[in-house]
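Listed below, chain by chain, are the residues.
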Amino acid sequence: MGSASNDLALVFGGVFLVLVFASALSAFLRHRYSPDGRNVVLENLDARIMSWWAIVLLLAFAFIWGKTGVIVLFGLCSFAALREFVTLTTTNQADHWALAASFFVVLPLQYTLVWHEWYGLYSIFIPVYAFLFIPIFSVLRGDTRQYLVRIAETQWGLMICVFCASHVPALLSLDIPGYEGRNVLLIAFLVIVVQSSDVFQYVWGKLLGKHKLAPSLSPSKTVEGAIGGLLSASLLGASLFWITPFSPWQAALMSLLITHMGMFGGLVLSAIKRDRGVKDWGHLIAGHGGFIDRLDSVVFSAPVFFHVVRYSWT
Amino acid sequence: MNGFGGWAKTWIVRFAAHTTAGLIALFARLLTAVRGIWQGADPLEVQRIYYANHASHGDSVLIWTVLPPRIRRNTRPVAGSDYWERGRLRQFIGRCVFNSVLVDRGKGGKVDPLAPVRQALDSGDSLIFFPEGTRNTTDAPLLPFKSGLFHLARTRPSVELVPVWIENLNRVMPKGEVVPIPLICTVTFGTPFTYQPGSDKKAFLQRASDALLALSAGVREVDHG
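Residues numbered from 1 in each chain as written. Chains lettered and ligands numbered in written order. Predicted model: local features only at pLDDT ≥ 70, side-chain atom pairs only at ≥ 80, totals over all residues. Heavy atoms only, no water.

A look at empty space enclosed by the protein
All names here are of chain A. This is how it is decided: As defined here, a cavity is a set of points on a 1 Å grid over the protein atoms alone where a 1.4 Å probe fits but cannot get out. A pocket is an open set with protein on both sides within 12 Å along at least five of seven lines, and residues line them when an atom is within 4 Å of a point. Grid points are joined across faces, edges and corners, and a volume is the space filled by probe spheres set on the points. Helix numbers and strand numbers start at the N terminus; a helix is a DSSP run of H or I with at least 4 residues, a strand a run of E with at least 2. Residues are grouped as follows: nonpolar covers Ala, Val, Leu, Ile, Met, Phe, Trp, Tyr, Cys and Pro; charged covers Asp, Glu, Lys and Arg; every other residue, Gly included, is treated as polar. By convention here, the domain bounds are inherited from an automatic or database domain assignment.
This model, assessed by the stated rule, comprises 1 cavity of 30 Å³ or more. By volume, the largest cavity amounts to about 40 Å³. When residues of the lining of the largest cavity are traced back to their parent elements, those giving at least two are α7 (147-164) and α12 (291-313). Among the elements that line the lining of the largest cavity, the one with the most residues is α12, at 3 residues. Partitioning the lining of the largest cavity into residue classes produces 7 nonpolar, no polar and no charged. Each of two domains, domain 2 (69-173) and domain 3 (180-314), supplies a minimum of three residues to the lining of the largest cavity.

As for the sheet that holds strand β6 (residues 160-167) of chain B
Residue and element names in this part refer to chain B. For clarity, the cut-off: By the convention used here, strands pair only if DSSP detects at least 2 bridges between them. Fitted lines through C-alpha atoms serve as axes, helices being fitted only where they are in contact, and the angles separating the N-to-C directions of these axes extend from 0 to 180 degrees. The contact definition used throughout considers only heavy atoms, calling two residues in contact when any of these lie within 4.5 Å.
Here we have 7 strands laid out as an open sheet, ordered β1-β7-β6-β2-β5-β3-β4, and mixed in their pairing. Bordering the open sheet on either side are β1 (35-38) and β4 (101-103), each of which pairs with just one other strand. Each neighbouring strand pair of the sheet contributes to a mean axis angle of 25 degrees, computed without reference to strand direction. In this structure, strand β3 (residues 75-80) lies alongside strand β5 (residues 126-129), joined through 3 bridges in parallel fashion. Directly across from T75, in β5, lies its bridge partner S126. Along the sheet, helix α9 (residues 201-219) makes contact with β2 (48-52), β6 and β7 (186-189), crossing β6 at roughly 40 degrees.

What about the pairing of β7(B)?
Residues and elements named next belong to chain B. The test is simple: Using a 1.4 Å probe on the protein chains alone, a residue whose accessible area is under 20% of its type maximum counts as buried, one over 50% counts as exposed, and one in between counts as partly exposed.
The alternating pattern of β7 places T186 and T188 and V187 and F189 on opposite faces, both of which are buried. Strand direction decides the pairing type here: β1 and β7, joined by 4 bridges, are parallel. Looking across to β7, one finds that I37 is bridged to T188.

Details of the pattern of salt bridges
All names here are of chain A. Note the threshold: A pair is scored as a salt bridge if a Lys or Arg side-chain nitrogen falls within 4 Å of a carboxyl oxygen belonging to Asp or Glu.
Under the defined criterion, the tally for this structure stands at 20 salt bridges over all chains. Between D198 and R294 there is a salt bridge, with its nearest N and O atoms 2.7 Å apart. Taken as a pair, D198 in helix α9 (residues 183-208) and R294 in helix α12 lie far apart in primary sequence, 96 residues in all. Of the two residues, D198 and R294, both sit in the buried class. Sharing partners across several salt bridges, the network here consists of D95, D143, R145 and R150.

Examining the domain arrangement of chain A
Residues and elements named next belong to chain A. This is how it is decided: A quick way to say it: buried area is the sum, across both parts, of accessible area lost when two parts are put together, with a 1.4 Å probe. Polar contacts, as counted here, are pairs of nitrogen or oxygen atoms within 3.5 Å of one another; within protein the pair requires one atom able to donate a hydrogen and one able to accept it, and residues that are adjacent in sequence qualify only if both atoms are side-chain atoms.
What the domain assignment lists for chain A is domain 1 (1-65), domain 2 (69-173) and domain 3 (180-314). Contacts between the two partners involve 5 residues from domain 1, matched on the other side by 5 residues from domain 2. In this assembly, domain 1 packs against domain 2 so that about 390 Å² is buried in total across both faces, 88% of it on carbon and sulfur atoms. Linking domain 1 to domain 2 there are 0 salt bridges. Across the domain 1-domain 2 interface, the total number found is 0 residue pairs in polar contact (both at pLDDT 80 or more). Here the side of domain 1 that touches domain 2 is composed, by residue class, of 5 nonpolar, no polar and no charged.

Topic: the side chain of N53(B)
Residue and element names in this part refer to chain B. Within the secondary structure, N53 sits in the loop between β2 and α2 (59-66). A polar contact of 2.8 Å, which involves the side chain of N53, links it to the backbone nitrogen of I166. Ignoring sequence-local partners within four residues, the contact set of N53 consists of D59, F130, E132, L142, V164, W165, I166 and L212.

Describing the packing of aromatic side chains
Our working rule: Pairing of aromatic rings covers Phe, Tyr and the six-membered ring of Trp, with a centre-to-centre limit of 6.5 Å; geometry is then stacked below 30 degrees between planes, edge-to-face above 60, and tilted otherwise.
Taken as a whole and judged by the stated rule, the model has 25 aromatic pairs over all chains. For the pair F61(A) and W65(A), a centre-to-centre distance of 6.2 Å together with 50 degrees between the ring planes defines the contact as tilted. Here F61(A) pairs with W65(A), and both are found in helix α2 (residues 40-65), just 4 residues apart, close to one helical turn. Classification of F61(A) as exposed rests on a relative accessible area of 56%. A residue is classified by how much of its surface remains accessible, and W65(A), at 49% relative accessible area, is partly exposed. Between W64(B) and F98(B), the ring centres sit 4.8 Å apart and the planes meet at 85 degrees, which makes this aromatic pair edge-to-face. Taken together, the residues span a long stretch of sequence, with W64(B) in helix α2 and F98(B) in the loop between α5 (88-97) and β4 at a distance of 34 residues. Accessibility classification places W64(B) together with F98(B) in one group, the buried group. Grouping aromatic residues by their ring pairs yields a cluster made of Y51(B), F145(B), F150(B), F193(B), Y195(B) and F204(B).

Spelled out as structure tokens, the structure:
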């Protein structure tokens, strides 16, 4: 076990090599099978890989900056995700204060609490206080049309896009004996395992996929992709045990847990997209869609990962 | 000395206008992540009247933000002088930043209110035009078009008319609100058409309005209830 920054450099070096390999492979495939740029799958693959470069560079920059960098990065992701979410919700002008408060008070306050490592408050602030006060803002306008739907959707958006997402930087505040100063590696572990699971599911699905997993939710997810993806990502997670406080077995089980949460998170957020009749949450991440499309698995796994680590390792 | 002072002042104003334009576009993007969808038209440097639905003061800013810079340079929003002539800041933004064509919407004027608009067309500029004449604050998707669009098209028949649907901006900042809320907006450009000689005014305006409504139906992926 080296120093935290050495291990982080090693991890990023590995990710960098994977991306170089992926870019080279994609260039080769396009040269071979899509010289005129007409193969939709390969062009999308290339856009996805380019976006991965940007995501990895942003994460590296945030990690080097430290706690503030990670909090600012995930705060901005929450902002973009909540913006995508609210765009598709049933809100009207009577919710204007409630929405303004969600974006400009609740979101920054939640991340400020995480920055101050005030566990007792950031873990109940949105579930209790935003939950009670946001409906009050809306009810004061006196518009009762679809009132429960409006406030419930706003609260759901805050829980998913702000509360759950803020549990990623909250990992920095855990005091794990013998792991001091290395918490940023826990974030790297979570993000690499969950996101690689998405990538592995995509790759296995494209290579072997035959049986659709949930045709009404996500046309591209297959049983073969899901099994191959979860197992591959968990193997990768086990092999990354040296950056965590876990033993190899614990790292493998932890990976199985978070990849499952991630996969179901993807299905849940797909269900919402289908209901609203859209294919992607947004368009800002080329090849992937919106921020929620990329973060769905992370937001579903982060709170569970956080609590399991907190109760078992601190 | 006077000449140099005037020259310096012009350049300072131009620099300020350029910077302000960049900041306004940046703010619009941060708030709305606005995206231009060229559904029925390509972004070409052809003289056009981009006519759009009008629900917010930010409408022309949003269209202007998604236009490619080379087209943006020659595209001028048509706006009411009663709003944009009030106060020095609005004057600066209206005239210097957006290079607006200001029209007098006051009733009973003796001069033709569209004269400055025709002048802009004659000098080769494209326009951003709101044919409803005023901001739509009703629940209806569009107000009945005023006759301005017809008169412009009839007297300048070579200019392409492009319907432009702005989605969601009315939710970002509804009438009477002070704080904008961040929501994703889109600006969709429909298929261009031109004035056919001899078209009847009512039929022409109906056709233009229908084209815009059809565009909105396609854009509206979600029914916002």
